[in-house]
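Residue-level structure breakdown
In case you want the letters, here they are:
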Amino acid sequence: MTSTETPVRTSSAPRRAVPVRPFGRPPRPARTRTNLTLGAGRTTRVLALTVLAIGAVVWLLPMAWAVLTALKSDQDASDPLHWLWPEHGFTLKAFSTVWERGDLPLWMLNSFLIAAAVTVVTVLVSAMAGYAFSRTLFAGRRWLFVLTVAAVLVPPQILIVPWFQQMLTLHLLDTYAAVILPQTVAPVMVFILKKHFDSLPRELEEAARIDGAGHWRIFWSVLLPLSRPMLAAVAIFVFIGAWNNFLWPFVSTSDPSLMTLPVGITSVKDAYGVQYAQSMASAVLAALPLVVVFMFFQRHIVKSVATTGLGGQ
Amino acid sequence: MSSPHASPRPGLPALRRLFSPGLLFALPFLVLFAVFMVWPLGQGLWMSLTDRALSAHAPSFIGLDNFTEAFRDAEMWRALGHTVWFTVLSTVPLVVVALGMALLVHTGLPGQWVWRLAFFAPYLLPVGVVGLLWIWLYQPDLGLYNHLLDALGLTQYAWLSDESVAMWAIALTTLWWTVGFNFLLYLAALQSVPDHLYEAAAIDGAGAWRRLWSITLPQLSRITVVITVLQVLASLKVFDQVYLMTKGGPNNSTRPVVEYVYDVGFTGYRLGYASAISYIFFALVVLASAAQFFALRRREK
């Protein structure tokens, strides 16, 4: 039979039966844990809660201070006598001044475009390579994989100089391509995805293969849909890394209209000098996108860090 | 003559094997990998043997001169020292504080969402924001921390301009900024400690502290080693926050080796020499990894 539509085959392996676990919520509710890890004693709980609350306040304080400063006038922000509460009340002037300069939204857009491009290319290319190393045989497969794993050790920082030379030769400095391309090489993601594919059961592909599906079809229509949680984890991780990457975008761009957020915002400091209210307003605006995203997708981001953060160890 | 199962159809077996589907799948990655990793690694090594500069003059081969210069360069040793010092100063609290946070949050106290947000959110800030924010927090006359120290009647510091304090201040910023990452790794590890261990301990009448010392911490020892290894490797690469907060100052007293590479290459225009220092730094990273790898192996035996 060559038809891929053969109902008998596909339905004999129902989707549910495949253990798509790695993630999923912890099997037991938090309440059970409470009694297991911490005594049920009231004093211990109150003590732990107090320590936790103090820690959280200390950790949130810098951000609160940034918001507070941003809501002051520049004059009040640098008034040592009224350092906490502004003498002339709160104002949104710093925000509007910074926003109207127009470069901040542009840097955000640049960061978004660059991080999105890096993410799409990295995830697709790494997943394909992971599939190749996990499911196919080709000449040199073994040592190419060893090479890839070894490359995890290479710090990108030592490649800055040759990358710069390379982009200089190719006349690519100050282009999106120069910022994006070197960031798409992620041996560790290939390694993670290869291990992930190794862990998937082969029954479904066998079925698809008997139905005449080729490698691309198996990869695209069988394995990728099964790997959605893992792909999301990798994608989130790559995106955050690219969004916050500093050194290479800093070295490869000098045109302010091409700068990413982390790079552009540092030029604000030099431009504003001691205007702390405006400097904090731009910091708050620059911080906002990812923090808001985190509030909505907390569970996914936490999962992403927990699974990809260890580099598959 | 090809083996029967390698190519089901006759004809051009060598070519078929060369363009086997597996290789085609790996090809996009391999091309990027070759162009932006293998080639630059080779080119960096080659450049380290030349006097290439960011100028028009053609580079010439000078053998190991850059390396002999580097080994006699006091500034390079100083920068390497700063990198190692920062690694020690940052790794210890980044592991210990993360563990403490995770243990406390894992107890299942109310407000999980808030704790995670508070401890992890700074990790999501671009380093440019972290730099701006902490320069302002550390500002000697107007910054929050000196105001607070003053209110408590304690000594104030010239955080970023005092040579004896600046590196500690940077380590503190780094702790605040990145501890959330290790915290999440610990939290995930805690969730995978099997319940039956605690149940058995509860039956034996073990108290909360006893359970912490005899079950939780031993169960976390493997992940602690992994987190420490990853943290050391991450700390060795420090550049961004130092560059943004102190530019390596005061008096180059916080300049890490990666910044020295940047300064030599892009401010001093000596790409060849910068490449040589890059490779010396690479050697340090490889050595650190190897040391940790063997320590780990011995431990597991």
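Residues numbered from 1 in each chain as written. Chains lettered and ligands numbered in written order. Predicted model: local features only at pLDDT ≥ 70, side-chain atom pairs only at ≥ 80, totals over all residues.

Some thoughts on the overall build of chain B
Check the secondary structure of chain B and you find 14 helices and zero strands. Seen in sequence order, chain B has helices and strands lined up from the N terminus as α-α-α-α-α-α-α-α-α-α-α-α-α-α. Whereas a compact globule of 301 residues would reach a radius of gyration of roughly 19 Å, chain B reaches 26 Å, over 25% beyond that. Seen through its C-alpha atoms, chain B measures out along the principal axes to roughly 75 × 60 × 35 Å. Taken across its 301 residues, chain B has 42% of its residues classed as buried. The long-range fraction of contacts in chain B, counting pairs at least 24 apart against all pairs at least 6 apart in sequence, stands at 68%. (Helix = DSSP H or I, 4+ residues; strand = E, 2+ residues; numbered from the N terminus. Rg over C-alpha atoms; globule rule 2.2 N^0.38 Å. Buried ≥ 20, exposed ≤ 12 C-beta atoms within 10 Å, placed from the backbone. Contact = placed C-beta atoms within 7 Å.)

Structural notes on the overall build of chain A
Along its length, chain A carries 17 helices and zero strands. Of all 313 residues assigned to chain A, the portion counted as buried reaches 40%. By sequence separation, contacts in chain A at least 24 residues apart represent 78% of the contacts at least 6 residues apart.

Points about the nonpolar core
If you look at the biggest cluster of nonpolar residues, it comprises 158 residues, and the most contacted ones within it are A:Val234, A:Val238, B:Phe183, B:Tyr186, B:Val261 and B:Ile277. In terms of residues, this core owes the most to one element, helix 8 (residues 166-191) of chain B, which gives 15 residues. Contacts of A:Val234, omitting those with residues within four sequence positions, involve A:Val123, A:Met189, A:Ile192, A:Leu193 and A:Thr308. (Core = buried A, V, L, I, M, F, W, Y, C linked by C-beta atoms within 7 Å.)

Description of the packing of helix 3 (residues 42-70) of chain A against helix 5 (residues 112-120) of chain B
Between helix 3 of chain A and helix 5 of chain B, the least distance of the axes is 8 Å, while the angle of their chain directions is 40 degrees. In this view, helix 3 of chain A runs oblique relative to helix 5 of chain B, as classed from their interaxial angle. Relative to helix 5 of chain B, helix 3 of chain A is oriented so that their crossing is left-handed. Between helix 3 of chain A and helix 5 of chain B, the residues in contact are A:Leu52, A:Ala56, A:Trp59 and A:Leu60 and B:Val114, B:Trp115, B:Ala118 and B:Phe119, respectively. In the contact of helix 3 of chain A with helix 5 of chain B, the residues fall into eight nonpolar, no polar and no charged. (Axes fitted to C-alpha atoms, helices over the stretch in contact; angles between N-to-C directions. Parallel < 35°, antiparallel > 145°, perpendicular 65-115°, else oblique. Left-handed = near helix turned anticlockwise from the far one by under 90°. Nonpolar A, V, L, I, M, F, W, Y, C, P; charged D, E, K, R; others polar.)

What about the interface of chain A and chain B?
As a measure of interface size, the accessible area lost when the parts come together is often cited. With 86 residues of chain A at the contact, the number on the chain B side is 80 residues. A per-element tally of the side of chain A that touches chain B places helix 3 of chain A first, with 14 residues. Grouping the constituent residues of the side of chain A that touches chain B by class yields 60 nonpolar, 20 polar and six charged.

Thoughts on the confidence of the model for chain A
Looking at chain A, the pLDDT average stands at 81 and 84% of residues meet or exceed 70. Averaged over each element, pLDDT in chain A is lowest for helix 1 (residues 7-12) of chain A (37) and highest for helix 9 (residues 176-180) of chain A (94). (pLDDT = per-residue confidence, 0-100.)

Brief notes about the environment of B:Asp73
All names here are of chain B. One can find Asp73 in the loop between helix 3 (65-72) and helix 4 (74-106). Given 18 C-beta atoms within a 10 Å radius, Asp73 is considered partly exposed. Residues Asp73 and Trp209 lie 136 residues apart in sequence; the distance between their C-alpha atoms is 52 Å.

Topic: the environment of A:Gln278
Counting through the fold element by element, A:Gln278 comes out in helix 16 (residues 276-296). Through-space distance from the C-alpha of A:Gln278 to that of A:Phe95 is 6.8 Å; in sequence the pair is 183 residues apart.

Some points on helix 16 of chain A
For helix 16 of chain A, which comprises 21 residues, the first-to-last C-alpha distance of 30 Å matches the rise-based estimate of 30 Å (1.5 Å per residue) to within 8%. Of all the bends found along helix 16 of chain A, the most pronounced is centred on A:Leu288 and spans about 40 degrees, while A:Pro289, a proline, follows it within four residues. (Expected span 1.5 Å × (residues − 1). Bend = angle between axes of the 7 residues up to and from the residue.)

Topic: unusual backbone geometry
Residue and element names in this part refer to chain B. Here the phi dihedral of Asn251 falls at roughly 55 degrees; this positive angle occurs in a residue that is not glycine. Tracing the chain through its elements places Asn251 in the loop between helix 12 (240-246) and helix 13 (257-267). Judged by C-beta crowding, with 10 C-beta atoms within 10 Å, Asn251 ranks as exposed. Positive phi, close to 60 degrees, is recorded for Asn252, a residue that is not glycine. Examined against the element boundaries, Asn252 turns out to sit in the loop between helix 12 and helix 13.

Quick notes on the confidence of the model for chain B
It should be kept in mind that the predicted coordinates are not to be read in detail where pLDDT is low. Residue and element names in this part refer to chain B. Residues at a pLDDT of 70 or more form 93% of chain B, whose mean pLDDT is 85. Helix 4 holds the highest mean pLDDT among the elements of chain B, 93, whereas helix 1 (residues 13-18) holds the lowest, 58. Long-range and interchain partners of residues 1-11, a stretch whose pLDDT sits below 50, account for five contacts in this model, where long-range means more than four residues apart. Among the scores for the predicted complex, ipTM is 0.85 and pTM is 0.84.

Structural notes on helix 5 of chain B
Within the sequence span of helix 5 of chain B, burial applies to B:Trp115, B:Arg116, B:Ala118, B:Phe119 and B:Phe120. Considering only its buried residues, helix 5 of chain B is in contact with helix 3 and helix 17 (298-308) of chain A together with helix 4 and helix 8 of chain B.

Description of the environment of B:Trp136
Position of B:Trp136 among the secondary structure elements: in helix 6 (residues 127-137). Look at B:Trp136 and you get buried, because 21 C-beta atoms sit within 10 Å. Remark: the alpha-carbon pair of B:Trp136 and B:Arg222, spanning 86 residues in sequence, is separated by 39 Å. Apart from residues no more than four positions distant in its own chain, B:Trp136 is found in contact with A:Thr69, A:Tyr276, A:Ser279, A:Met280 and B:Gly143.

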